[in-house]
Amino acid sequence: MKNEKKLSLWERYLTKEISIEFKACLYFFAILFFYCVCRMIKGSFEAEILHMAEMIFTCYIICYLQVYLFGNFDETETVGLRECIGVTVCTLLYCAVSYFGGWFGKQLSVSLILAAYILLTYFCVFLIYRTKRRIDDRKLNEELRIFQTEHKK
(Lines give C-alpha, C1' and ligand atoms only; values in the text may rest on other atoms or scores of the structure.)
Protein backbone atom coordinates (compact mmCIF):
# COMPACT_ATOMS: atom_id res chain seq x y z
CA MET A 1 0.00 0.00 0.00
CA LYS A 2 2.85 2.40 0.80
CA ASN A 3 4.46 1.80 -2.60
CA GLU A 4 1.21 2.68 -4.39
CA LYS A 5 1.19 6.17 -2.89
CA LYS A 6 4.88 6.90 -3.45
CA LEU A 7 6.02 8.01 -6.90
CA SER A 8 8.38 5.63 -8.62
CA LEU A 9 11.72 6.78 -9.97
CA TRP A 10 10.25 6.57 -13.48
CA GLU A 11 7.27 8.74 -12.53
CA ARG A 12 9.52 11.38 -10.93
CA TYR A 13 11.74 11.39 -14.02
CA LEU A 14 8.74 11.60 -16.34
CA THR A 15 7.29 14.49 -14.33
CA LYS A 16 10.54 16.44 -14.71
CA GLU A 17 10.75 15.66 -18.42
CA ILE A 18 7.19 16.87 -18.99
CA SER A 19 8.02 20.03 -17.06
CA ILE A 20 11.12 20.59 -19.22
CA GLU A 21 9.10 20.01 -22.39
CA PHE A 22 6.49 22.54 -21.28
CA LYS A 23 9.09 25.12 -20.24
CA ALA A 24 11.11 24.73 -23.45
CA CYS A 25 7.99 25.35 -25.53
CA LEU A 26 6.93 28.29 -23.37
CA TYR A 27 10.32 30.00 -23.49
CA PHE A 28 10.76 29.20 -27.19
CA PHE A 29 7.45 30.89 -27.92
CA ALA A 30 8.44 33.95 -25.85
CA ILE A 31 11.83 34.26 -27.56
CA LEU A 32 10.35 33.62 -31.00
CA PHE A 33 7.78 36.36 -30.37
CA PHE A 34 10.57 38.78 -29.42
CA TYR A 35 12.55 37.70 -32.50
CA CYS A 36 9.57 38.22 -34.82
CA VAL A 37 8.78 41.64 -33.38
CA CYS A 38 12.42 42.67 -33.90
CA ARG A 39 12.30 41.41 -37.47
CA MET A 40 9.05 43.27 -38.17
CA ILE A 41 10.45 46.50 -36.71
CA LYS A 42 13.31 46.19 -39.20
CA GLY A 43 10.80 45.70 -42.03
CA SER A 44 11.23 41.95 -42.54
CA PHE A 45 8.32 39.56 -42.28
CA GLU A 46 10.48 36.45 -42.65
CA ALA A 47 12.18 34.38 -39.95
CA GLU A 48 15.34 32.35 -40.38
CA ILE A 49 14.72 28.61 -39.91
CA LEU A 50 18.27 28.16 -38.61
CA HIS A 51 17.63 30.82 -35.95
CA MET A 52 14.43 29.09 -34.87
CA ALA A 53 16.24 25.75 -34.65
CA GLU A 54 18.95 27.36 -32.54
CA MET A 55 16.28 28.93 -30.32
CA ILE A 56 14.44 25.69 -29.56
CA PHE A 57 17.69 23.77 -29.06
CA THR A 58 18.93 26.50 -26.70
CA CYS A 59 15.63 26.48 -24.82
CA TYR A 60 15.85 22.74 -24.22
CA ILE A 61 19.45 22.89 -22.99
CA ILE A 62 18.75 25.83 -20.70
CA CYS A 63 15.56 24.24 -19.35
CA TYR A 64 17.54 21.10 -18.46
CA LEU A 65 20.03 23.31 -16.60
CA GLN A 66 17.18 25.18 -14.98
CA VAL A 67 15.48 22.03 -13.68
CA TYR A 68 18.44 19.81 -12.80
CA LEU A 69 21.15 22.30 -11.82
CA PHE A 70 19.31 25.37 -10.55
CA GLY A 71 16.40 23.76 -8.69
CA ASN A 72 13.66 24.68 -11.13
CA PHE A 73 13.87 28.33 -10.11
CA ASP A 74 10.73 29.53 -11.89
CA GLU A 75 8.58 27.08 -9.92
CA THR A 76 10.10 27.72 -6.50
CA GLU A 77 8.19 29.22 -3.61
CA THR A 78 11.00 31.53 -2.51
CA VAL A 79 13.87 33.17 -4.35
CA GLY A 80 17.32 32.73 -2.84
CA LEU A 81 20.93 32.84 -3.97
CA ARG A 82 20.71 29.58 -5.97
CA GLU A 83 17.67 30.85 -7.87
CA CYS A 84 19.27 34.25 -8.57
CA ILE A 85 22.41 32.56 -9.88
CA GLY A 86 20.24 30.29 -12.05
CA VAL A 87 18.26 33.19 -13.50
CA THR A 88 21.48 35.10 -14.21
CA VAL A 89 23.31 32.17 -15.82
CA CYS A 90 20.33 31.14 -17.97
CA THR A 91 19.66 34.71 -19.09
CA LEU A 92 23.33 35.20 -20.00
CA LEU A 93 23.30 31.94 -21.97
CA TYR A 94 20.25 33.03 -23.97
CA CYS A 95 21.91 36.37 -24.70
CA ALA A 96 25.25 34.82 -25.67
CA VAL A 97 23.61 32.35 -28.06
CA SER A 98 21.45 35.11 -29.55
CA TYR A 99 24.49 37.30 -30.10
CA PHE A 100 26.88 34.67 -31.45
CA GLY A 101 24.09 33.00 -33.43
CA GLY A 102 23.35 36.33 -35.09
CA TRP A 103 19.64 36.24 -34.27
CA PHE A 104 19.58 40.04 -34.20
CA GLY A 105 22.41 40.78 -36.61
CA LYS A 106 25.02 40.64 -33.82
CA GLN A 107 23.66 43.83 -32.31
CA LEU A 108 24.68 43.71 -28.65
CA SER A 109 22.02 46.27 -27.73
CA VAL A 110 19.21 44.00 -28.96
CA SER A 111 20.70 41.00 -27.13
CA LEU A 112 20.73 43.10 -23.95
CA ILE A 113 17.09 44.07 -24.51
CA LEU A 114 16.43 40.33 -24.92
CA ALA A 115 18.04 39.84 -21.48
CA ALA A 116 15.57 42.27 -19.91
CA TYR A 117 12.72 40.57 -21.76
CA ILE A 118 13.82 37.13 -20.53
CA LEU A 119 14.07 38.41 -16.95
CA LEU A 120 10.53 39.77 -17.26
CA THR A 121 9.41 36.43 -18.71
CA TYR A 122 10.99 34.53 -15.79
CA PHE A 123 9.25 36.85 -13.33
CA CYS A 124 5.86 36.39 -15.03
CA VAL A 125 6.27 32.59 -15.14
CA PHE A 126 7.26 32.62 -11.44
CA LEU A 127 4.06 34.55 -10.62
CA ILE A 128 1.94 32.22 -12.75
CA TYR A 129 3.29 29.11 -11.02
CA ARG A 130 2.86 30.70 -7.58
CA THR A 131 -0.74 31.63 -8.38
CA LYS A 132 -1.45 28.14 -9.71
CA ARG A 133 -0.06 26.57 -6.52
CA ARG A 134 -2.29 28.77 -4.38
CA ILE A 135 -5.36 27.91 -6.44
CA ASP A 136 -4.49 24.19 -6.30
CA ASP A 137 -4.02 24.44 -2.52
CA ARG A 138 -7.44 26.04 -2.08
CA LYS A 139 -9.01 23.47 -4.36
CA LEU A 140 -7.41 20.55 -2.48
CA ASN A 141 -8.40 22.01 0.89
CA GLU A 142 -11.98 22.36 -0.31
CA GLU A 143 -12.01 18.78 -1.58
CA LEU A 144 -10.57 17.61 1.76
CA ARG A 145 -13.26 19.53 3.65
CA ILE A 146 -15.96 17.92 1.49
CA PHE A 147 -14.43 14.48 1.95
CA GLN A 148 -14.22 14.90 5.73
CA THR A 149 -17.81 16.16 5.90
CA GLU A 150 -19.11 13.20 3.88
CA HIS A 151 -17.23 10.63 5.94
CA LYS A 152 -18.41 12.01 9.30
CA LYS A 153 -21.99 11.10 8.47
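Placed above this text is the structure.
Reading the values: the criteria
Residues numbered from 1 in each chain as written. Predicted model: local features only at pLDDT ≥ 70, side-chain atom pairs only at ≥ 80, totals over all residues. Heavy atoms only, no water. Axes fitted to C-alpha atoms, helices over the stretch in contact; angles between N-to-C directions. Helix = DSSP H or I, 4+ residues; strand = E, 2+ residues; numbered from the N terminus. Parallel < 35°, antiparallel > 145°, perpendicular 65-115°, else oblique. Left-handed = near helix turned anticlockwise from the far one by under 90°. Nonpolar A, V, L, I, M, F, W, Y, C, P; charged D, E, K, R; others polar. Core = buried A, V, L, I, M, F, W, Y, C linked by side-chain atoms within 4.5 Å. Buried < 20%, exposed > 50% of the residue type's maximum accessible area, 1.4 Å probe, protein only. Contact = heavy atoms within 4.5 Å. Salt bridge = Lys/Arg side-chain N within 4 Å of Asp/Glu carboxyl O. Expected span 1.5 Å × (residues − 1). Arc of directions from axis to C-beta. Phe/Tyr/Trp six-rings, centres within 6.5 Å; stacked < 30°, edge-to-face > 60°.

Would you mind going over the packing of helix 2 (residues 9–41) against helix 3 (residues 49–69) with me for this structure?
Helix packing for two helices is described by the angle between their axes and how far apart those axes are. It is at 8 Å that the axes of helix 2 and helix 3 come closest, and there the two elements cross at 140 degrees. With respect to helix 3, the element helix 2 is oriented oblique. Crossing hand, helix 2 versus helix 3: right-handed. Residues of the contact of helix 2 with helix 3, tallied by class, amount to 18 nonpolar, two polar and four charged.

I'm lost on the nonpolar core in this one. Help?
When a protein is soluble and globular, its nonpolar side chains tend to lie buried together. Counting residues in hydrophobic clusters, the biggest one holds 26 residues, and the most contacted among them are Tyr27, Ile31, Met55, Cys59, Tyr94, Phe104 and Tyr122. With nine residues, the single largest contributor to this core is helix 2. Among all residues touching Cys59, those that are not within four sequence positions of it are Ala24, Tyr27, Phe28, Ile31 and Tyr94.

Help me out: how do you make sense of the pattern of salt bridges in this one?
A full pass over the atoms with the stated rule returns five salt bridges. Here Arg133 and Glu77 are joined by a salt bridge, their closest N and O atoms 2.8 Å apart. With Arg133 in helix 5 (residues 108–152) and Glu77 in the loop between helix 3 and helix 4 (81–100), the pair connects residues that are 56 residues apart, well separated along the chain. Residue Arg133 is classed as partly exposed on the basis of its relative accessible area of 22%. Taking the shortest distance from any N to any O, the salt bridge between Arg145 and Glu142 comes out at 2.4 Å. Residue Arg145 and its partner Glu142 are both found in helix 5; the two are separated by three residues, about one turn of the helix.

What is the right way to look at helix 4 in this model?
Helical geometry note: an α-helix holds 3.6 residues per turn, so side chains three or four residues apart project in the same direction. The end-to-end C-alpha distance of helix 4, which contains 20 residues, comes to 28 Å, matching closely the 28 Å that a straight helix rising 1.5 Å per residue would cover. Listed in full, the buried residues belonging to helix 4 are Glu83, Gly86, Cys90, Thr91, Tyr94, Cys95 and Ser98. Along the axis of helix 4, the buried residues cluster in a sector spanning 155 degrees; they form a single face. Exposed and facing more than 90 degrees away from the buried side of helix 4 are Leu81, Leu92 and Phe100. Tucked into the core, helix 4 has its buried residues touching helix 2, helix 3 and helix 5. Phi turns positive one or two residues past the end of helix 4, at Gly102, with a value near 70 degrees.

How should the packing of aromatic side chains be read in this particular structure?
Each aromatic ring pair is specified by the distance between its two centres and by the angle formed by the two planes. Under the defined criterion, the tally for this structure stands at nine aromatic pairs. Centroid distance Tyr35 to Phe104: 6.1 Å. Interplanar angle 55 degrees. Geometry classified as tilted. Of the two residues, Tyr35 sits in helix 2 while Phe104 sits in the loop between helix 4 and helix 5, which places them 69 residues apart along the sequence. Taken individually, Tyr35 and Phe104 each receive the classification buried, so the pair is uniform in this respect. An angle of 75 degrees between the planes, with centres 6.4 Å apart, marks the rings of Trp103 and Phe104 as edge-to-face.

Could you clarify how one ought to interpret helix 3 in this entry?
The end-to-end C-alpha distance of helix 3, which contains 21 residues, comes to 29 Å, matching closely the 30 Å that a straight helix rising 1.5 Å per residue would cover. Those residues of helix 3 that sit buried are His51, Met55, Thr58, Cys59, Ile62, Cys63, Gln66 and Val67. Seen end-on, helix 3 carries its buried residues on one side only, within an arc spanning 155 degrees. Every exposed residue of helix 3 that faces more than 90 degrees away from the buried side is listed here: Ile49, Leu50 and Phe57.

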